[in-house]
Structures are given as C-alpha cells and as structure tokens.
Amino acid sequence: MQITRRHLSLAAGMTAAVALTAGALIASTAQAAPATGTPAPAFSGVTSAGETISLADFAGKTVIMEWTNDGCPFVKKHYAAPPSNMQTLQNSAAADDVVWISVISSAEGEQGYADAVRANELTASRGAAPAHVVLDEAGTIGKLYGAKTTPHMFIITPDGKLVYDGAIDSKASSKVADIETASNYVTAALADLEAGKPVATPVTKPYGCAVKYK
Amino acid sequence: MIRAYRALMLALTGLALLGPVAAAQAADARRAEAELISERTSVIPGETVFVALKMTMDPGWHIYWRNAGDAGLPPQLILKDSASIAEDALGEMMWPLPKLLPVVDGEIMDYGYDDEAVFALALTVPVDAVGEVRIEAVADYLICESICIPETADVSLVLPVGEAVENVPAGELIGAWIAKVPGSFEGEARIDDAAAPWTLSLSLAGGFPEGAGIRFFPFEHEISHPADQPQRFGPNGASLLLTPDRAGQVGDALEGIIRVDAPGAEPVGYVIRAERGEALAGTADAAFVPVAGVGEVAGLSWQGLLSLAGFAFLGGLILNLMPCVLPVLSMKALGMVSAAASGHAGELRSHGLWYTGGLLVSFAALALVILAVRQATGFATLGFQLQHAPTVAVLALIMFAVGLWLMGFFELGSSITNTGSGLASRGGAVGAFSTGVLAAVVGAPCVGPFLGAALGAVMSQPAPAVMAVFLAMGFGMALPFLVLSFVPGLHRVLPKPGKWMDTLKQFFAFPMFLTAAWLLSVLADLAGAGAVGWTLAGATALGFAVWIGRGAGPVRRGAAIAALIAAFALPAVQANVPAGKAGGEPSVPAYAEAAWSPSQVDALLAEGRPVFVDFTASWCASCQVNKLTTLSSKRVKAAFEAADVAFLVADFTQKDPAIADELKRRGRAGVPMYLWYPAGTSEPQILPELLTQELVIGLVEGR
C-alpha cells in the first residue's frame, strides 16, 4: 500500500502549499504606506531646477510635501487668485524656513504632467513659491508615500518623522468659496508643531482628483 | 491627449470669460445630462410621491457614490430659494448599488456609476399646496474620465396640484432604480478588528448564492478602498478580510453596504451595520478565496487572473485526492507500475504526457461547454452538471459501469491495467490519454464544491479567462503523475507488479459504487424517487448488457448494445421529467400569495382569515419601496405566516377595470393602496402609502 502512503504525503505537501499561498496572499494585501508618528520614508528625486534632492538633505527643517496636478479642479481651487490659498501657505512656509516640496506624479501624457520647463512656467504663472518642484513621472515617490489625490499633503518634522498625512482643509469641494469657511489642516498642524505640541489631527481623508499615475 | 486636453482647457477658459452669454453653450459641453423626473405628472396635497435626479453620462465618464472612495465627490441636489417647497419636503437622496471604479491598481479605488444613474427622492406634497409644486434645484456633481470636471446643472420640475396622474415611463424607471438601492440585510454582521486584516463576518440563513462574489463598500474610510477583500464561505454565511486604512478604526460599528454578485444574476446590495466582536460561527469554513471582478467596470486584471489561475492550479492538485478521482488515479498508478516493470522510461514519459494531454483536452471541453451554456442561457453556475437531473443519472450509471469494470466483470481492449505484457506504445498512449479524460470526467463533479467561489468569480469573465482557469486546474490535476513519470528516482520506488494489483483494483470498485449511491441521492433531490427507480433499472440493464455481451455472435452483441443504449437513455429521459422539486433554492413565499378579486376576498373572510391586499404596479415607485423595505422582508413574512394572513396582490400594471373600481370606491386615485381586513371583519382599514415593518407587523399581531 505504498501508493496510499505517497498520497498521504502528497496531501500534506499540498495542504501546506495552499496554506502558505493563502498566508502570502493575505499578507500582501496589507498596505505598505507609512504611518504618522513613524520615520518618513527616505526618497530622492530630480527637481525642475535639475538638482537631485533627497529627504536627508533637509534634516533639521520641517518639510511639507504637496502632491499637485495643475489641471485638477481641486488644485485649481487652491491656486485660484484671489484668494491664492496655496501660494500664501508656500510664502509663509518660506518665511518660517519650512521646506515646501511640490511633487508632480502625473505620468507622461496624463493630466498635470510637466517637464522641467513647464513646471517652472507653472510656478511663475501662478505666483507659486515652493522651495522645490520634484518631477516624479514614474510615480515612485507618490506610491512610496501613498499619495492618493491632488492635493494631498504630508508634513515631516525636523527629526524626520511623518506627522501629518491628508487633506489640505476640511471642505471636500472644488469651490473656491469654500476655502474661507474651511479649517486648514496644514496651518493647524504647523501651529501645533510651532507650539511644541503633538499634531492634534495627524490623519485626514485627502480629497481631490486621483493622482494620475502611470 | 495633451493637445486635446489643452484645447479643452482653452475652450473652458474662453467660456468663463464670455460669461453668461456662453452659459447655454457651456451646458452643451457638459459630460452628463441631469434631469428631474417624477412618477406623477400631477399630484394631490398631502401625498408622498417619488421624484428623481436622472444622470446620463457620456461614455467613459463616471460620477460617484455617497462615499466616492479614494478620490472624487458624490453628486448633490441643492434646492434653490425659488422652489415652492421647503427643504424638508424632499427626502434623502437614495443611492443605488455602486460599482468599483479601479483608478490605479492596488493604489486608488473609487465607487460610483457610469452610463446612467437615477437617484430617487421622496417628495411630500404639502397639505396646503395649491396650483403647482415647483422644484427648482442645482445638480452639483464631479464627473471624471481620466480627468475630473466639476459641473453644475439647473434642474426643475413643475407638478400641477389637483388629481393624481401617473407618468408611467418615469415611474417604471424610478421604480427600477429604487429596486437597486441596497435593502436591509436580513442576517447578522460582525467586525473582528482585533488584528489586521479585520474579519467581517456575515451570517445569512440559507447562505449566499453559490459562486457569489461579495464586496464591502464602507460609508466612511475605515478600510483601504483598493485592497482585495478575500472571502470565504461557511454553512451560515460568508466572511471577508478587510485591510484597515492607515488611520482606520472602527467606532461602535462598521457601516456600509455589501454587493453580492452571483453568476448569472443581477447584483444585489444590502446595508449592513457590523458591531465589533468575534467572528460569527459558520461563516468561514472553506479557504479564503481572492475575488476579482466583483462590481468592477473593467474586466479582470492580469494579477487577478493570475491569482485565480494559481488557485485553480492548486485546486487541480488537490483534486487528485478527491474520493471520486482517487480510484481512477490509482488505475493510472497501476499502469505506471507496469511501465516501470518493463523498464521503458521513455514510455513512462510519453505515458505521463498523454495523460496530461487527456486532462487538458477534457478541461478545455468542460470550459467550452460552460461557455456555451452561458451563451445560450446567460446563466451558468458551477457544478451545474449536478443540477441537471439527466446528467446526474448518466454520471451515476458511468460510476456503476466503472465499478463493474474495476471488479473485473468485463475487460476493455486497450486497458491500461493490462498488466500481463508491458505497454504497447500505441495502446499505452491511447490508454493514458483516455485515463486523463476519465479522470477529468469523474473529477468534474468534485470541482464545484471545492472551488465554487473562485470559478464563480471567473464565470462572469471573458471566455479566454474562463479557459485559462480551467486549463490551470487541469494542469494542476495532471502534475503529480507527470512528475512521477519524468523523475526516474520516483518511479523506481513504485512497487513491483503482482497479484495484489488485481485485488487493489477490485477494492477501488467500492468507492465507485459509493459515488454512484451519492449521485442517486442527489438525483432523488432533483427529480424525485421515480428517476432513481429508472436509474436503478438502467443499472440492471447495464449488468444485463455486460452478461450477454460476454459470448460471441452478432445476436448477442446486438442485444448487448441495445441493452446498453436502453440503460443510459431511459433514465436520462425519465429524469428529465420535471418533478415537484426544482434544482434551485425554493422561492415560494412563506405566506400564500394569490391574485386579488372581490369574490376571493369574500371567500377568505368567510373562512375567518385575515386578508392583506397589495394594490401595486411595476411603474409605481412607492410600491417598489414598500416591497423592498416592508412586504418582502422576512419579519413581515413571518408575521403574516404566523397569523395565517391571506396575501392578495392586485396588479395594476395593466389597467384593470375591477381594480380601478376598487381604487375609486376607496377614494384613491391610484396605486399604491394597501387594504387590511382583520379576521372577522368585512370592511378594510386603508393603510398609508408608505409602509413600515412595525406598522404592518403591529396590525397583523393585533397591537
């Protein structure tokens, strides 16, 4: 009856294979996006000025990352002048020695894609004042951070911890008029950091257009 | 693409500059048409009617569900000051069952609608309404293709106040979309969030349909929207694995809807509220199966197909151990013992290849048959062979015949167990090929219970995907023996042939007979005792054919063939006669439902039974709401049954003078109308147009 015995060991082997596969499958569904309160993922990227920057370059400074797509109505809402909401935030960040990095993760051919020339044109024509515009057409940095929408905001402390991940403000709409009555989460988080307090609202649901990944 | 987009932006900017003059043209440039429709063209004060926001999207563009998912915004209907009604006269927007809108695989998932969506709202006509009811509103929505555009549209609806006049086409449309609004879940839901991934368990009496795919759509953002939701089934329901969002936490309960996609059926939605706690018993007995394609607009992704094929492959491997397959494979093993003994490694190899070929061809044929059935009927469930009585009868007879053969009652010419001489190369190839075919034929019934969910998911997929999954399963089934035939070290440990092989072969007849007995019990469920009797008679004819076919001569051979044909044909024909029991789930309502007529009401009242009359029509949206929320709910059905209520339906879909008279007699302009005759009364109570379960159950229980 060796046949039967072989069948038994075959059965054991296959059961193990099924269990392993199921386990791997379940494990792979867990998202790898960073959690607030933990170190922000290290990245490096090429800017519209042609420099290569990495997160480590800004150790000791607060960093704000803004995912953007100039064609998206939600981004347009915050760049509309007046009230120039995003530009105002960028200017006050620059004044406070906070590093503002705009990231464009739109793939080539998709809405919002920009090469260096177009990215610089956009900055000039909108009166924007980011410290850097990172061109991430491969979507590597976007997926590393789990950026879902434009805009989607992240704040990183001088010691490299991610402390805010989410929407720019509390009114999920594309209407410029809503900016005035919304509470701005980025301003609030920066105020908390300034006061030496933990960020009161570290995670919100970002709203906007889906990032136009490849 | 970029050029087109720039042109579009230029055009939009230009329009914005031109201002109001261009407004009419801007409306034409919209990607959706928004319209307010009503089930009435004229209304009476105090009544509740259904109006709806009807959205027709351009091809490729979509709008969003109440929870848009990772990106997007739900549409809104904002009442203008110029409307003649107060804001609270319009009820909440009713959200039909959404689809998954995968934006970036594994990264961004949205929920919404494409093509057309109708959002119904209950309008309570003010009691003091005179002249007309004027709804003037703005439909404010975000519409997306690969890019998103916020659009607004002025919509209005004017309803004269006077008599109730139906708008039949609009009522039909609104009713059909209300039927798509997720109803209340008649089971229990529980969320176990002790560890990630969370387990959402759903218990449902009678279970979910076979081969169903289930997807949870949350109202909020507790879970990662793009993550797969592997599902498994148990006798009492199903469970899903949910991946929490980064900051995801369950408050008191996790709320949302589940969308159930069963093969060949319209998708159904249920609103669930899952309290925190341990998983419900009996909802997770089988292995987790990743489900792809549930409610997705796009087809199965490559990854989804690959994982499905991977599972099918594993399933094929495991099929080797199924009781209905193992005996056949053992015959195969016996053949290999012979080949090993004769020392022809090359033959052993070609044997393995032929066997694999036989299996693959059979699985391909099975896939083609399923595709053909799906094409012909628009419907195919897995294990459908076992729901078709003639197929079951013939399978039982084949099992019986194989048992007879294993017992040695007759020999087959190219038998692979012809152990005396080694394998003739030709006979070996044919024998191996047909063993492959045989393994597939007897193995197929085992496929259903084992991989029902995974194959159910693939059933709604394009033909190549179905074929790929079936071939993967066939290859999985063939692999162990293919490996045995190619690895010399393995077949050397095969035992030496001897008399024990005959004994073993005979022993394997008994699992075959047992399988036949089980198939007979399935047949009894499907087609009744008569069909079982005919199949047993067929088995007798089979025995007779074997007995008489042993001798030589044309007469005997002719008789054997005739008996053989009769053995299979008669049970198949008899089993096809419909019996009292159908193959599917019994869908008879718990209480008796009959057509309404005044004399029927009198007769039932004379019997002393309470009577409930439902005056309804397919174009009546309110009627569908009441059916959905109240009349078809299990609680109400149970209450009706307990009180022996006669449930009569007066269907006014086609104008019926008797029904029209009755409506007029009760002072009603139209349907819905609900009449309740308590036992022992002759005059009914007229119930409100909008029913609740509490109201109806209270009446029935005499509270």
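Draft legend 1. Quick peek at the overall build of chain A. Along the backbone of chain A there are 7 helices and 9 strands. Here chain A holds 214 residues, and 41% of them are scored as buried. Put simply, 73% of the contacts in chain A that link residues at least 6 apart link residues at least 24 apart.

Draft legend 2. Representation of the overall build of chain B within the structure. Each helix and strand in chain B was counted, giving 18 helices and 24 strands. Counting over 703 residues, chain B shows a buried share of 45%. Relative to all contacts within chain B whose residues are 6 or more apart in sequence, the contacts with residues 24 or more apart total 80%.

Draft legend 3. Just the sheet that holds strand β20 (residues 593–595) of chain B, in detail. Residues and elements named next belong to chain B. Pairing is mixed in the open sheet, where 5 strands are placed in the order β20-β22-β21-β23-β24. Pairing within the sheet leaves two strands with one partner each, and these edge strands are β20 and β24 (685–687). Strand-to-strand twist across the sheet, computed as the mean angle between neighbouring axes with direction ignored, equals 25°. Pairing geometry for β20 and strand β22 (residues 646–651), over 3 bridges, is parallel. Its bridge partner lying in β22, Ala-594 is registered against Leu-648.

Draft legend 4. Focus on the nonpolar core. Ile-64 of chain A together with Ala-120, Ile-174, Leu-200 and Val-613 of chain B are the most contacted members of the largest nonpolar core, which has 152 residues in total. Once residues within four sequence positions are removed from consideration, Leu-200 of chain B is found in contact with Ala-189, Ile-191, Phe-216, Ser-239, Leu-240, Leu-242, Leu-254 and Ala-274 of chain B.

Draft legend 5. Quick peek at the sheet that holds strand β3 (residues 63–67) of chain A. All names here are of chain A. What the 7 strands build is an open sheet, ordered β2-β1-β5-β4-β3-β7-β8; its pairing is mixed. The open sheet is flanked by β2 (52–54) and β8 (162–166), the only strands paired with a single partner. Mean inter-strand twist for the sheet, computed between neighbouring axes without regard to direction, equals 30°. Here strand β7 (residues 152–156) pairs with β8 via 4 bridges, running antiparallel. Looking at the pairing, Ile-156 lines up with Leu-162 of β8.

Draft legend 6. Geometry of the environment of Ser-434 of chain B. Locating Ser-434 of chain B in the fold gives a position in helix α8 (residues 425–459). Taking the C-alpha atoms as reference points, Ser-434 of chain B and Tyr-355 of chain B, 79 residues apart in sequence, are found 7.3 Å from one another.

Draft legend 7. Spotlight on the confidence of the model for chain A. Here chain A shows a mean pLDDT of 85. Residues at 70 or above account for 85%. pLDDT under 50 marks residues 1–32 of chain A. Its contacts with residues more than four places away, or in other chains, come to 33 contacts.

Draft legend 8. Summary view of the packing of helix α3 (residues 168–178) of chain B against helix α15 (residues 621–631) of chain B. All names here are of chain B. Relative orientation of the contacting elements α3 and α15 amounts to 20°, with a least axis distance of 8 Å. As summarised for this structure, α3 and α15 are arranged roughly parallel, according to the angle between their axes. Regarding α3 and α15, the two cross each other, and that crossing is right-handed. Taken together, the residues of α15 that come into contact with α3 (itself represented by Gly-171, Ile-174, Gly-175 and Ile-178) are Ala-621, Gln-624, Val-625 and Leu-628. The residue inventory of the contact of α3 with α15, partitioned by class, reads 5 nonpolar, 3 polar and no charged.

Draft legend 9. Representation of helix α7 (residues 185–194) of chain A within the structure. All names here are of chain A. Of the positions making up α7, those classed as buried are Tyr-185, Val-186, Ala-189 and Leu-190. Mapping the buried residues of α7 onto a view down its axis gives an arc of 130°, with all of them on the same face. Against β3, α3 (85–95), β7 and β8 lie the buried residues of α7. Gly-196 sits one or two residues past α7 and shows a positive phi near 75°.

Draft legend 10. Here's a closer look at the pairing of strand β10 (residues 148–160) of chain B. All names here are of chain B. Relative to β10, strand β9 (residues 132–144) runs antiparallel, the two being bridged by 13 bridges. Counterpart to Val-138 in the pairing with β10 is Asp-154. As consecutive antiparallel partners, β9 and β10 are separated by 3 residues.

Draft legend 11. Local environment of the confidence of the model for chain B. Residues and elements named next belong to chain B. Summary statistics for chain B give a mean pLDDT of 76 and a share of 74% for residues scoring 70 or more. Of the regions scoring below 50 in pLDDT, residues 1–27 engages in 9 contacts with residues more than four places distant in sequence or in other chains. In this model, residues 445–454 is a region of pLDDT below 50 whose contacts with residues beyond four sequence positions or in other chains number 33 contacts. Interface predicted TM-score (ipTM) for the complex: 0.70; the corresponding pTM is 0.55.

Draft legend 12. Representation of the environment of Ser-92 of chain A in the model. Take Ser-92 of chain A: it is sitting in helix α3. In the structure, Ser-92 of chain A is positioned 37 residues away from Ala-129 of chain A in sequence and 9.4 Å away in space, judged by C-alpha atoms.

Draft legend 13. Fine view of the environment of Ala-59 of chain A. With respect to the element layout, Ala-59 of chain A can be found in the loop between β2 and β3. The spacing of Ala-59 of chain A and Asp-159 of chain A is 100 residues in sequence and 6.3 Å in space, taken between C-alpha atoms.

Draft legend 14. Representation of the packing of helix α16 (residues 634–642) of chain B against helix α18 (residues 693–700) of chain B in the model. Residues and elements named next belong to chain B. Direction vectors running N to C along α16 and α18 enclose 10°, while the axes themselves pass 9 Å from each other. One finds that α16 runs roughly parallel with respect to α18. Residues Arg-635, Val-636, Ala-639 and Phe-640 of α16 touch α18, and the partners they reach there are Gln-693, Val-696, Ile-697 and Val-700.

Draft legend 15. Representation of unusual backbone geometry within the structure. Each neighbour pair has its own omega, and for Ala-81 of chain A with Pro-82 of chain A the value is -15°, a cis peptide bond. Here Pro-82 of chain A shows up in the loop between α2 (73–79) and α3. The residue after Pro-82 of chain A, namely Pro-83 of chain A, is reached through a cis peptide bond having omega 5°. With phi around 70°, Asp-115 of chain B is a residue other than glycine that occupies positive phi space. With respect to the secondary-structure elements, Asp-115 of chain B resides in the loop between β7 (108–114) and β8 (116–124).

About the thresholds
- Residues numbered from 1 in each chain as written.
- Chains lettered and ligands numbered in written order.
- Predicted model: local features only at pLDDT ≥ 70, side-chain atom pairs only at ≥ 80, totals over all residues.
- Helix = DSSP H or I, 4+ residues; strand = E, 2+ residues; numbered from the N terminus.
- Buried ≥ 20, exposed ≤ 12 C-beta atoms within 10 Å, placed from the backbone.
- Contact = placed C-beta atoms within 7 Å.
- Pairing = 2+ DSSP bridges.
- Axes fitted to C-alpha atoms, helices over the stretch in contact; angles between N-to-C directions.
- Core = buried A, V, L, I, M, F, W, Y, C linked by C-beta atoms within 7 Å.
- pLDDT = per-residue confidence, 0-100.
- Parallel < 35°, antiparallel > 145°, perpendicular 65-115°, else oblique.
- Left-handed = near helix turned anticlockwise from the far one by under 90°.
- Nonpolar A, V, L, I, M, F, W, Y, C, P; charged D, E, K, R; others polar.
- Arc of directions from axis to C-beta.

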